[in-house]
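# Results of the structural survey
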Amino acid sequence: PSPLSLDARSVGNPRGPSSHRRLPPPSRTLPRAPPEITNTPLLTAAKVVAIQLFFAVTFYLAAWLKWSQGMPEWFVKQFQPTWLAHAPGGLPAAFYFLAVLETLGFLGCVASMLRGEFLAKKKPLLRLTLTFSLFVFIVLAYGSRLTGKLDVAAYNLMYFVGTLICLVEVARDGGKAAGHAPEKR
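Here goes a summary of the coordinates provided.

Cut-offs applied
In every chain, residue numbers begin from 1 and rise along the written sequence. With the structure being a predicted model, the display of local features is reserved for residues of pLDDT at least 70 and the display and counting of side-chain atom pairs for 80 or more, all residues being used for whole-chain, interface and lining totals. In computing side-chain properties, one takes all heavy atoms of the structure into account and sets aside hydrogens as well as water. Only runs of H or I of at least four residues qualify as helices and only runs of E of at least two qualify as strands under DSSP, and these elements are numbered from the N terminus. Summary of the burial criterion: residues with accessible area below 20% of their type's maximum are buried, those above 50% are exposed, and those between are partly exposed, where the area comes from a 1.4 Å probe applied to protein chains only. Accessible areas in this description were obtained via Shrake-Rupley with a 1.4 Å probe; residue shielding takes into account the shown protein chains only. What is meant by a nonpolar core is a set of buried Ala, Val, Leu, Ile, Met, Phe, Trp, Tyr and Cys residues, joined one to another through side-chain atoms within 4.5 Å. A helix is expected to span 1.5 Å for every residue after the first. Contacts are assigned to residue pairs with any non-hydrogen atoms lying within 4.5 Å of each other. Residues are said to line a cavity or pocket when one of their atoms sits within 4 Å of a point; the points come from a 1 Å grid over protein atoms alone, cavities being sets where a 1.4 Å probe fits but cannot get out and pockets being open sets with protein on both sides within 12 Å along at least five of seven lines. Grid points are joined across faces, edges and corners, and a volume is the space filled by probe spheres set on the points. Put simply, Ala, Val, Leu, Ile, Met, Phe, Trp, Tyr, Cys and Pro go in the nonpolar bin, Asp, Glu, Lys and Arg in the charged bin, and everything else, Gly too, in the polar bin. Nitrogen and oxygen atoms within 3.5 Å of one another constitute a polar contact, given that in protein one can donate a hydrogen and the other can accept it, and given that sequence-neighbouring residues count only through two side-chain atoms. When the centres of two rings from Phe, Tyr and Trp lie within 6.5 Å, Trp using its six-membered ring, the rings pair. Their planes under 30 degrees apart give stacked, over 60 give edge-to-face, and anything left gives tilted.

## Brief notes about the overall build of the protein chain
Within the protein chain, the secondary structure is distributed over six helices and zero strands. Reading the protein chain from its N end, one meets helices and strands in the order α-α-α-α-α-α. Looking at the protein chain residue by residue over its 185 residues, the buried ones come to 30%. Summed over all atoms, the accessible surface of the protein chain reaches about 12600 Å², with 68% contributed by carbon and sulfur.

## Quick word on the nonpolar core
Membership of the largest hydrophobic core comes to 15 residues, with the highest contact counts inside it found for Ile 51, Phe 55, Phe 59, Leu 126, Leu 130, Cys 166 and Val 170. Only helix 2 (41-69), helix 4 (90-114), helix 5 (124-146) and helix 6 (150-172) provide two or more residues apiece to this core. Counting residues in each nonpolar core, the second largest holds seven residues, with Leu 84, Ala 85, Phe 95 and Leu 98 among its members.

## A few points about the environment of Val 49
Checked against the element boundaries, Val 49 lands in helix 2. Judged by relative accessible area, which is 25%, Val 49 ranks as partly exposed. Taking the C-alpha atoms as reference points, Val 49 and Met 113, 64 residues apart in sequence, are found 7.5 Å from one another.

## As for helix 5
Because an α-helix packs 3.6 residues into every turn, residues spaced three or four apart end up facing the same way. Helix length check: helix 5, at 23 residues, gives a terminal C-alpha distance of 33 Å against a target of 33 Å (1.5 Å per residue), a fit within 8%. Residues of helix 5 that are buried include every one of Leu 126, Thr 129, Leu 130, Ser 133, Leu 134, Val 136, Phe 137, Ala 141, Gly 143 and Ser 144, and no others. Where helix 5 is buried, its residues touch helix 2, helix 3 (73-79), helix 4 and helix 6. At the C-terminal side of helix 5, Gly 148 shows a positive phi close to 75 degrees.

## As for the layout of surface pockets
What the largest pocket holds in volume is close to 780 Å³. Around the largest pocket sit 31 residues that line it, and Lys 66, Trp 74, Leu 98, Glu 102 and Leu 140 are the ones nearest its centre. When residues of the lining of the largest pocket are traced back to their parent elements, those giving at least two are helix 2, helix 3, helix 4, helix 5 and helix 6. No other element matches helix 2, which puts seven residues into the lining of the largest pocket. Residue composition of the lining of the largest pocket, by class: 21 nonpolar, seven polar and three charged.

## Focus on the side chain of Glu 117
Counting through the fold element by element, Glu 117 comes out in the loop between helix 4 and helix 5. Polar contacts involving the side chain of Glu 117 include one to the side chain of Arg 115, which spans 3.4 Å. Ignoring anything within four residues of it in the chain, the contact list for Glu 117 reads Gln 52, Ser 112, Lys 123, Pro 124, Leu 125 and Leu 126.

## A short note on the packing of aromatic side chains
Tallying each qualifying case throughout the model produces eleven aromatic pairs. Ring centres of Phe 55 and Phe 59 lie 6.4 Å apart, and the angle between their planes is 35 degrees; this geometry places the pair in the tilted category. Taken together, the residues Phe 55 and Phe 59, both in helix 2 and four residues apart, mark about one turn of the helix. Pair check on accessibility: Phe 55 and Phe 59 agree, each one buried. Between Phe 75 and Phe 95 the ring centres are 5.0 Å apart and the planes differ by 70 degrees, which places this aromatic pair in the edge-to-face class. Taken together, the residues Phe 75 in helix 3 and Phe 95 in helix 4 connect sequence positions 20 residues apart.

Read these as layout, nothing more, since geometry by itself doesn't imply function.
Rendered as structure tokens:
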């Protein structure tokens, strides 16, 4: 190499490129916290409470708006040209069906919290509620697709995928809460 060429190994090294030290190869994985820190019963319970609160708030607000304000004009405009307007009960039946689904989702989360499932080894009510939530998001996505609201359908897909992740997390942590040892398989 010419004396004017710069080599990253020689910059700042008064002895030149021949005396550099070999650096270890960069790590291909991110550093992880030790399991004794991340797998504590408190963190597991906090994660479950966060999931319960997220779904409870989401469903509560959606249901409360439907029950308290009634069927909005935009809903009628959006769904009037669809088969839902001609189904038994018409658009009010479809609208309040959504309100019932969201109310059930909220009640499932509240019941799971009241049962203390965030501290329990098994969380059957929370798992049932999250599975039920998947179907609620399918119904919502169907309505969005039916009326050509693809941006809203994309949001429903994100809720669906997020619910799947929460469901996997809750199922995976089945033996880690409240000081329980993980189940052996």
